[in-house]
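Report on the structure
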Amino acid sequence: MAQDYYEMLGVSRDASPDELQRAYRQLARRYHPDVNKSPAAEERFKEINEAYHVLADPSMRARYDRFGADFRRVPEGAEAAAGAGRARAGAGGRRAGPPPDSFDFAFRDSGIDVDDLFGGLFGTRGAAGPIRGADQEAELEVGVEEAYRGGRRRLSLDGRELEVTIPPGVTDGQRIRLAGQGGHGRGDAPPGDLYLVVRLAPHPRYRVAGRDIHVDLPVAPWEAVLGATVPVRTPGGEAQVKVPPGSSSGRRLRLRGQGLPNPRGRPGDLYAELRIAVPRSPSPREKELFEELAKVSSFDPRKSGRRPL
């Protein structure tokens, strides 16, 4: 039996979207292959990513809650038929609600013939003439740098080797169409299409919101106080950003057009969020200068009306 997505994320079945996101971020940081070098970490990371993207989508979560691990096999429109059948069965005092591990039970108690239902939806029973193949859908995990630059990827799917072109600026949830790579047609009808749903992989440095990219930017105390021009790493390479004098931790500096590209319009922006860092082991001279500053400065960050560093 496939592991339950809720158990995988360590949340209850009525977890809110915020609870799901918190659990996902915590686990993603723990198992990301760039951070965790354990041989099993990469596979665990993929499982966590799959669980979150299913439960974070309201419609997919509803299907998963109803049909369990087999929810992807249930054709669109089957929920309504199953719900109507359960309503009729419930009137006769029969058990309501399927167990979460198999969608077959959703129809078994309803009195609906599963083969008849699926045959009607897919056109595989009693159909005459050619029938175009069904469109199919799969997920494609893409890194932030790859989403920024685009590229080509070879992947294996259902025993097939496919060549995929990833357009620059692809965003989370965007679909890439592979014409003719879906289900086989009936008779002389053409096959359906395959749609790859892009899922941006969590990144240890970048946080993506739409086309905007957020990144933490460490600065020294004197750079924050006096102002400076400092380098910041972006998916497109190194850029320079001006830190205004008197900046505090948490201040966001915008680099226009440095987010994900947009082939149909304005690109996203990159936001560098300042994080003031101090030396862990200051040299004797550095310590002396900080002690001198402490003596002569009247700045108190805890008093109201004062701007913290």
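How each quantity is defined
Residues numbered from 1 in each chain as written. Predicted model: local features only at pLDDT ≥ 70, side-chain atom pairs only at ≥ 80, totals over all residues. Heavy atoms only, no water. Helix = DSSP H or I, 4+ residues; strand = E, 2+ residues; numbered from the N terminus. Buried < 20%, exposed > 50% of the residue type's maximum accessible area, 1.4 Å probe, protein only. Polar contact = N/O pair within 3.5 Å; in protein donor to acceptor, adjacent residues only side chain to side chain. Core = buried A, V, L, I, M, F, W, Y, C linked by side-chain atoms within 4.5 Å. Contact = heavy atoms within 4.5 Å. Salt bridge = Lys/Arg side-chain N within 4 Å of Asp/Glu carboxyl O. pLDDT = per-residue confidence, 0-100. Pairing = 2+ DSSP bridges. Axes fitted to C-alpha atoms, helices over the stretch in contact; angles between N-to-C directions. Phe/Tyr/Trp six-rings, centres within 6.5 Å; stacked < 30°, edge-to-face > 60°. Lys NZ or Arg CZ within 6 Å of the ring centre and 35° of its normal. Arc of directions from axis to C-beta.

Right, let's talk about the side chain of aspartate 4 for a bit. Locating aspartate 4 in the fold gives a position in the segment before helix H1 (5-9). A relative accessible area of 15% places aspartate 4 in the buried class. At a separation of 2.8 Å, a polar atom in the side chain of aspartate 4 contacts the main-chain amide nitrogen of tyrosine 6.

Among the nonpolar cores identified, the biggest contains 35 residues, and Leu140, Val164, Leu196, Leu217 and Val232 are the most heavily contacted of them. Not counting residues up to four positions away in its chain, the partners in contact with leucine 196 are Ala138, Leu140, Leu155, Val164, Gln174, Arg175, Ile176 and Leu178. Membership of the second largest hydrophobic core comes to 21 residues, among which are Leu20, Ala51, Leu55 and Met60.

Turning next to the pattern of salt bridges. The tally for this structure, following the rule as stated, stands at 20 salt bridges. Glutamate 137 is paired through a salt bridge with arginine 175; the nearest N and O atoms lie 3.3 Å apart. Here glutamate 137, found in strand E1 (residues 136-142), pairs with arginine 175, found in strand E4 (residues 175-178); they are 38 residues apart in sequence, far enough to count as distant. Among the ionic pairs, glutamate 273 bridges to arginine 275, the shortest N-O distance being 2.7 Å.

Attention now moves to the confidence of the model for the protein chain. Mean pLDDT over the protein chain stands at 80; residues scoring 70 or higher make up 79%. In this model, residues 84-127 is a region of pLDDT below 50 whose contacts with residues beyond four sequence positions or in other chains number 67 contacts.

Turning our eyes to something else, we now look at the sheet that holds E4. Where strands meet in a sheet, backbone hydrogen bonds hold them as pairs that are either parallel or antiparallel. The mixed open sheet is built from three strands, whose spatial order is E1-E5-E4. Sheet topology places E1 and E4 at the edges, where each strand pairs with a single neighbour. Neighbour to neighbour, the strand axes of the sheet diverge by 30° on average, direction disregarded. Judged from the seven bridges that link them, E1 and strand E5 (residues 194-200) form a sheet pairing that is parallel. Within E5, the residue paired with glutamine 136 across the bridge is leucine 194. Set on the sheet, helix H3 (residues 41-56) makes contact with E1 and E5; between it and E1 the angle comes to about 125°.

It is worth spelling out the sheet that holds strand E11 (residues 270-276) at this point. Across the sheet, four strands lie side by side as E6-E7-E11-E10; this open sheet has mixed pairing. Because the sheet does not close on itself, it has two edges, and the strands there are strand E6 (206-209) and strand E10 (252-255). Pairs of neighbouring strands in the sheet enclose a mean axial angle of 30°, with direction left out of account. Relative to E11, E10 runs antiparallel, the two sharing four bridges. Bridge pairing in E11 places leucine 255 opposite leucine 270.

When E6 meets strand E7 (residues 212-219), the two strands line up antiparallel, connected through four bridges. When the bridges of E7 are listed, valine 208 appears paired with isoleucine 213. As consecutive antiparallel partners, E6 and E7 are separated by two residues, and within that stretch glycine 210 has a phi angle of approximately 65°, a positive value. Bridge count for E7 against E11 is seven bridges, and the pairing is parallel. Within the sheet, the bridge partner assigned to aspartate 216 lies in E11 and is glutamate 273.

Working definition: an aromatic ring pair is given by the centre-to-centre distance plus the angle between the planes. All chains considered together, the criterion is met by three aromatic pairs. The interplanar angle of 45° and the centroid separation of 6.2 Å between the aromatic rings of tyrosine 6 and tyrosine 64 together place this pair among those described as tilted. With tyrosine 6 in helix H1 and tyrosine 64 in helix H4 (residues 58-67), the pair connects residues that are 58 residues apart, well separated along the chain. Note on accessibility: tyrosine 6 and tyrosine 64 belong to one class, buried. An aromatic cluster of three or more residues is present, and its members are Tyr5, Tyr6 and Tyr64. Residue placement shows arginine 175 over the ring face of tyrosine 195; its charged tip is 4.1 Å from the ring centre. The side chain of arginine 205 reaches across the aromatic face of tyrosine 206, ending 5.5 Å from its centre.

All right, on to H4 then. Working note: α-helix, 3.6 residues per turn, so residues spaced by three or four point in the same direction. All of the buried residues in H4 are Met60, Arg61, Arg63, Tyr64 and Phe67. All buried residues of H4 fall inside an arc of 160° around its axis, so they share one side. One or two positions beyond H4, positive phi appears at glycine 68, with a value near 70°.

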